[in-house]
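Remarks on the overall topology
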Amino acid sequence: MSAHTQTAEKGQNTTLLCQESYVCSGTDEAIFECDECRSLQCQRCEEELHQPERLRNHERTRIRPGHVPYCDSCKGANGNIMHASMTGSRQIAAVRCQVCKINLCVECQKRTHAGGNRRKHPVTVYHAGKAQEQEEEERMDEETKRRKMTEKVVSFLLVDETEEIQVRNEEDFIKKLDCSPDQHLKVVSIFGNTGDGKSHTLNHTFFYGREVFKTSPAQESCTVGVWAAYDPVRRVVVIDTEGLLGATVNLSQRTRLLLKVLAISDLVIYRTRADRLHNDLFKFLGDASEAYLKHFTKELKATTARCGLDVPLSTLGPGVIIFHETVYTKLLGSDHPSEVPEKLIQDRFRKLSCFPEAFSSIHYKGTRTYNPPTDFSGLRRAVEQQLENNTTRSPRQPGVIYKALKVSGDEL
């Protein structure tokens, strides 16, 4: 052990200090750790930093005695995220470099501070208490259970490219989902252009990277028709759709196919991989909203009356998360911290005369990929947060979902 480590070890692991210095001067005691800001924060900095609406949902952990922060640099030399669970949590830190002002786990310290001048940087050594170690073990045990639950999940063709439903009846639908007929579920679907990684996104958001939905590096789309799989962890039917720009003989047929999916969805992910949000995204959502209200207004009214809901029709439609991945450009709203990305999106809709009234909500979740792989943890948290909201869309039995799919086919 170096002299630098020994010195730090003797006197600097008693109180964790604010790492932001946004309001304080970095001398105030840290009260919170924000996983998305990736820093420890005092009371004043935490309150000030999270005032903007787009930052209010950041995951913050209150610091308890013996708390050890997460590693700030859990990435390998090839860009792969290491030592992190698939839920987006990171490895806890072993040391804090006092010069670089970052927390590092053992592997990242070896990778970044083993040679050159950084080897001489003084560090603070963190000592994880028994409570912290036990908490980490429990979290990993829970994560292992979740992984095992999804090990046998397979996808199946729900509707083919000619709009024919490929399950015979409710019983067949439930059997292919491999769930209980009494289980209450929600439906999450994904839309986007061919080649933007929709299947890959679903595999990493719901199934720990397993190829439940087929992916391919080929130019042509490998998803034809509509495919479904059941996520037993979140209790959702996950639906993968054919790309919007894929080769097709009948464009109107594909549109009807996607509308059927829209009709049974509680949450829609619009996946786009581009440096800027293009107009086709807004036009598709605007057209889909118009068609949804036109074809399903009657059913929405019946649902409103049946449930005794005193709400406008639009609140019964699915929510939308626009998942935007960039490489060279900043994420939406990052140039104007005071402006919420959702407001900028609504402004674009108005400029294009597209009105997404059918959707109960539209949220933006962006990620910037400097080095592959793509970070899906933010999307995962956003999806889970929306699924927990039952104010407009309640979970229902799989048989009800199948009937709604049949009804949507008759409506179109």
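Look up: the structure comes first, before these words.
The text that follows walks through the structure, step by step, so that each part is easy to find. (Residues numbered from 1 in each chain as written. Predicted model: local features only at pLDDT ≥ 70, side-chain atom pairs only at ≥ 80, totals over all residues. Heavy atoms only, no water.)

Taking strand neighbours across the sheet as the criterion, the seven strands line up as β7-β9-β10-β8-β11-β12-β13 in an open arrangement whose pairing is mixed. In the strand order of this sheet, the two ends are held by β7 (156-159) and β13 (361-368), each with one partner. Ignoring strand direction, the axes of neighbouring strands in this sheet form an average angle of 25°. As paired strands, strand β9 (residues 226-231) and strand β10 (residues 236-241) are joined by six bridges and run antiparallel to one another. Bridging across to β10, V226 finds its partner in T241. Across the face of the sheet, helix α9 (residues 341-351) comes into contact with β12 (319-326) and β13 while running at roughly 115° to β13. (Pairing = 2+ DSSP bridges. Helix = DSSP H or I, 4+ residues; strand = E, 2+ residues; numbered from the N terminus. Axes fitted to C-alpha atoms, helices over the stretch in contact; angles between N-to-C directions. Contact = heavy atoms within 4.5 Å.)

Before going further, it helps to examine the state of the cysteines. In this structure the tally under the stated criterion is zero disulfides. Cysteine C18 is unpaired, with the sulfur of C45 as its nearest cysteine sulfur at 3.8 Å. Unpaired in this structure, C42 has its nearest cysteine sulfur neighbour in C45, at a distance of 3.5 Å. (Disulfide = S-S within 2.5 Å.)

As for its position among the elements, F32 is in strand β1 (residues 32-34). In this structure, the C-alpha to C-alpha distance between F32 and I63, residues 31 residues apart in sequence, is 5.3 Å. Each residue touching F32, except ones within four places of it in the same chain, is listed here: S39, L40, Q41, Q43, E46, R60, T61, R62 and I63.

Taken across its seven residues, strand β8 (residues 186-192) has seven buried, putting it largely inside the fold. Bridging between β8 and β10 involves four bridges; their strand directions are parallel. The residue bridging S189 from the neighbouring strand is I239, located in β10. Taken together, the five bridges between β8 and strand β11 (residues 267-273) define a ladder with parallel strand orientation. By the bridge assignment, V188 is partnered in β11 with L267. (Buried < 20%, exposed > 50% of the residue type's maximum accessible area, 1.4 Å probe, protein only.)

On to the packing of helix α6 (residues 198-206) against helix α10 (residues 377-388). A pair of packed helices can be characterised by two numbers: the angle between their axes and the separation between those axes. Packing of α6 against α10 leaves a shortest axis separation of 9 Å and a crossing angle of 70°. The pairing of α6 with α10 is recorded here as roughly perpendicular in orientation. Only L379, R380 and V383 of α10 make contact with α6, whose side of the interface consists of T201, H204, T205 and F206. Classifying every residue of the contact of α6 with α10 by side-chain character gives three nonpolar, three polar and one charged. (Parallel < 35°, antiparallel > 145°, perpendicular 65-115°, else oblique. Nonpolar A, V, L, I, M, F, W, Y, C, P; charged D, E, K, R; others polar.)

Attention shifts here to α6. The buried fraction of α6 is high, at seven of nine residues. For α6, every residue scored as buried is listed here: K198, S199, T201, L202, N203, T205 and F206. Looking one or two residues beyond α6, the residue adopting positive phi is Y208, at roughly 60°.

Turning our eyes to something else, we now look at the sheet that holds strand β4 (residues 95-97). Here we have three strands laid out as an open sheet, ordered β5-β4-β6, and antiparallel in their pairing. Looking at the sheet topology across the chains shown, the edges are occupied by β5 (102-104) and β6 (123-125). Between one strand axis and the next, the sheet turns through 25° on average, direction left out of account. Judged from the three bridges that link them, β4 and β6 form a sheet pairing that is antiparallel. Its bridge partner being in β6, V95 is matched across the sheet by V125. On the sheet, helix α3 (residues 106-113) packs against β4, β5 and β6 and is oriented at approximately 115° with respect to β5.

Taking 1.5 Å of rise per residue, the 12 residues of α10 would be expected to cover 16 Å, and the 17 Å separating its terminal C-alpha atoms lies within 8% of that figure. Most of α10 sits inside the fold, with nine of its 12 residues counted as buried. Close packing links the buried residues of α10 with β8, α6, β10, β11, β12 and β13. (Expected span 1.5 Å × (residues − 1).)

Our next topic: the pattern of salt bridges. Throughout the structure, instances matching the rule amount to 13 salt bridges. The partner of D347 in a salt bridge is K343, with the nearest N and O atoms 3.4 Å apart. Highlighted residues: D347 and K343, both in helix α9, separated by four residues, approximately one helical turn. Salt bridges here are not isolated pairs; linked through shared partners, they connect E163, R256 and K260. (Salt bridge = Lys/Arg side-chain N within 4 Å of Asp/Glu carboxyl O.)

The subject of this paragraph is the side chain of D240. Along the chain, the position of D240 falls in strand β10. We note that D240 is buried and unpaired, the nearest opposite charge coming from K198 at a distance of 5.7 Å. A polar contact is formed between the side chain of D240 and the side chain of S199, at a distance of 2.5 Å. (Lys, Arg positive; Asp, Glu negative; His and termini not counted. Polar contact = N/O pair within 3.5 Å; in protein donor to acceptor, adjacent residues only side chain to side chain.)

On to the packing of aromatic side chains, then. As enumerated under the stated definition, the model contains eight aromatic pairs in all. On the numbers, 5.7 Å between centres and 40° between planes, the contact of F191 with F284 is tilted. You can see F191 sitting in strand β8 and its partner F284 sitting in helix α8 (residues 279-307), a full 93 residues away along the chain. For F191, a relative accessible area of 2% corresponds to the buried category. Linked through ring pairs, F156, F173 and Y402 together constitute an aromatic cluster. (Phe/Tyr/Trp six-rings, centres within 6.5 Å; stacked < 30°, edge-to-face > 60°.)

This part is about the environment of E211. Relative to the elements of secondary structure, E211 occurs in the loop between α6 and β9. Take E211: its relative accessible area is 51%, and that puts it in the exposed class. E211 sits 11 residues away from H200 along the chain, and the two C-alpha atoms are 7.6 Å apart. Within the structure, the side chain of E211 is placed 3.0 Å from the side chain of T215, a separation counted as a polar contact.

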